[in-house]
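Structure at a glance
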Amino acid sequence: MNFKKAVTIAAAAGALAALAVPAMAEMTPYGSMRFQTFYRTADPVVGSSDTDLTWDLAANARLGVKGTTGNIGGVVEMGFVSGDLKTRLMYGTYKTSLGTLLIGQDYSNNWMTSAQVDLNDKGFSGYGALDNSRQPQVKFTMNNGLYFAGIKPTVAATTTTTDYDSILPELNVGYKGKAGNFDYNAGVLFQTFDYKTATLDETVNSYLVYFGGKMAAGPASLQFNLGYGQNTGDMSIARDARSLTTALPLVTNKFIVASAADTTSIEGFIQAGYKLSDMVSLYAGVGYAADDSDVYADADDKMAFFVNAPITVAKGFTVVPEFSYYDQMKNSAGADERTDYSVGAKLQMDF
């Protein structure tokens, strides 16, 4: 096959593809390179402390594209974890006169991150951010701010010894509104499933009530998030596995708590910020989380603190020096746990 014939075939194939796929009114590719340069120190209750250097591409670096055609829109966003591709976002939207329907994998409504950048922009995950990451869901957001969502249930698997029966998706209802310069978000998340073994037949109910907000006044800003719930770890709300040491059934790294020993949780964070100049800002925040249960000798609590100063080197290029501190406080047996801290910077280029 000569070169001219190959070019003709390729052009014809391209024309057919253009006819088969509706032309997008707008396609916008984007990316974010994030690099971690941190010294992290673990200080156990017993034994000597250990310090290690992290000098690596952050796990939340991403590359994506946004597109729209009429009332239909969509986002595809991939991440790079240990050199492998991972789907971060994949959803389509349909705008109607009442609101917007979203189908696919998107951020959860209850999740609010802080400005903390340590550990791949941890953002108080597990320390008040109410983080259940990005979830497959069907969501409808009304123009007045009211939203409803059916989210992929956390437990929907069967093994030879244990049976998990999920009839409904996780259900979410909430409202996002604005009062002056104060943006707020409040809602409820609920899940139920049956947990069965040869000796147990339990219904596990989980719920989370949350309220968060952001406020700006000139160069100053304030942000907070607060949640209270039951068995929230069973809905993929980030928990610290080290803190849940009581012997409970464990499946896919999640603690399944029978109704006789439900775990109640409270967590939240508060953050303050100030824009010093067009190039430099300052943020500081503190987060706290506590789990309690009738089978615990003591409430299992932990806290985290950070302070950082994002520096804009050029448009799209930011350096964020930061100090973060984590205190595991006491576990469910009432024993003291380790502390950790890190110092370093995140390097980020957005394009």
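Keep in mind it's a predicted model, so treat the numbers as computed, not measured. (Residues numbered from 1 in each chain as written. Predicted model: local features only at pLDDT ≥ 70, side-chain atom pairs only at ≥ 80, totals over all residues. Heavy atoms only, no water.)

Observations concerning the packing of aromatic side chains
- On inspection of all chains with the given rule, the structure shows 10 aromatic pairs.
- Each ring, one from Tyr 127 and one from Tyr 326, has its centre 5.6 Å from the other, and the planes form 50°; the classification is tilted. Taken together, the residues span a long stretch of sequence, with Tyr 127 in the loop between α2 (118-121) and β7 (134-142) and Tyr 326 in strand β20 (residues 317-327) at a distance of 199 residues. (Phe/Tyr/Trp six-rings, centres within 6.5 Å; stacked < 30°, edge-to-face > 60°. Helix = DSSP H or I, 4+ residues; strand = E, 2+ residues; numbered from the N terminus.)

Digging into the pairing of strand β11 (residues 182-196)
- Of the strand pairs in this sheet, strand β9 (residues 163-165) and β11 are connected by three bridges, and their pairing is antiparallel. Counted as the bridge partner of Tyr 164 is Tyr 195 from β11.
- Both strand β10 (residues 170-179) and β11 contribute to a ladder of nine bridges, which runs antiparallel. Note that in β11 the partner of Gly 174 across the bridge is Gly 187.
- Where β10 hands over to β11, the hairpin turn is made up of two residues, of which Gly 180 adopts a positive phi near 65°.
- Two elements, β11 and strand β12 (residues 201-217), share 15 bridges in a ladder whose sense is antiparallel. By the bridge assignment for β12, Gln 191 is matched with Ser 206.
- Counted along the chain from β11 to the antiparallel partner β12, the turn is four residues long. (Pairing = 2+ DSSP bridges.)

Observations regarding the side chain of Arg 34
- Relative to the assigned elements, Arg 34 resides in strand β1 (residues 26-43).
- Within the local environment of Arg 34, its side chain forms a polar contact with the side chain of Asp 121, the two groups lying 2.6 Å apart.
- Setting aside residues no more than four positions away along its own chain, Arg 34 makes contact with Leu 57, Ala 58, Asn 60, Ala 61, Arg 62, Asp 121, Lys 346, Leu 347 and Gln 348. (Polar contact = N/O pair within 3.5 Å; in protein donor to acceptor, adjacent residues only side chain to side chain. Contact = heavy atoms within 4.5 Å.)

Overview of the pattern of salt bridges
- Across all of its chains, the model carries nine salt bridges by this definition.
- For Asp 106, the salt bridge is made with Lys 139, and the minimal N-O distance between the two is 3.3 Å. Of the two residues, Asp 106 is situated in strand β6 (residues 99-107) and Lys 139 in strand β7; the sequence distance between them amounts to 33 residues.
- On the basis of relative accessible area, Lys 139 is assigned to the buried category, the value being 8%. (Salt bridge = Lys/Arg side-chain N within 4 Å of Asp/Glu carboxyl O. Buried < 20%, exposed > 50% of the residue type's maximum accessible area, 1.4 Å probe, protein only.)

Section: the layout of surface pockets
- Counted as a void, the largest pocket has a volume near 1,200 Å³.
- In this structure, the largest pocket is lined by 43 residues; those nearest its centre are Trp 111, Thr 113, Asn 120, Asp 121 and Arg 134.
- For the lining of the largest pocket, the elements supplying multiple residues, two or more each, are β4 (72-81), β5 (84-95), β6, α2, β7, β20 and β21 (339-350).
- Its residues assigned to classes, the lining of the largest pocket comprises 14 nonpolar, 18 polar and 11 charged.
- Volume-wise, the second largest pocket comes out at about 550 Å³.
- Residue lining of the second largest pocket: 23 residues in total, with Ser 108, Asn 109, Trp 111, Lys 176 and Lys 214 positioned closest to the centre.
- Put simply, the parts of the chain that give the lining of the second largest pocket at least two residues each are β6, β7, β11, β12 and β13 (220-230). (1 Å grid on protein atoms, 1.4 Å probe; cavity = no way out; pocket = protein on both sides within 12 Å on 5 of 7 lines; lining within 4 Å. Points joined across faces, edges and corners; volume = space filled by probe spheres on them. Nonpolar A, V, L, I, M, F, W, Y, C, P; charged D, E, K, R; others polar.)

Points about the confidence of the model for the protein
- Confidence in the prediction for the protein averages 86 pLDDT; 85% of positions are at 70 or higher.
- Per-residue pLDDT stays below 50 along residues 3-21; that stretch engages in two contacts with residues further than four places along the chain or on separate chains.
- Here residues 241-259 is a poorly scored stretch, pLDDT under 50, and it has 46 contacts once near neighbours within four places are set aside; other chains count. (pLDDT = per-residue confidence, 0-100.)

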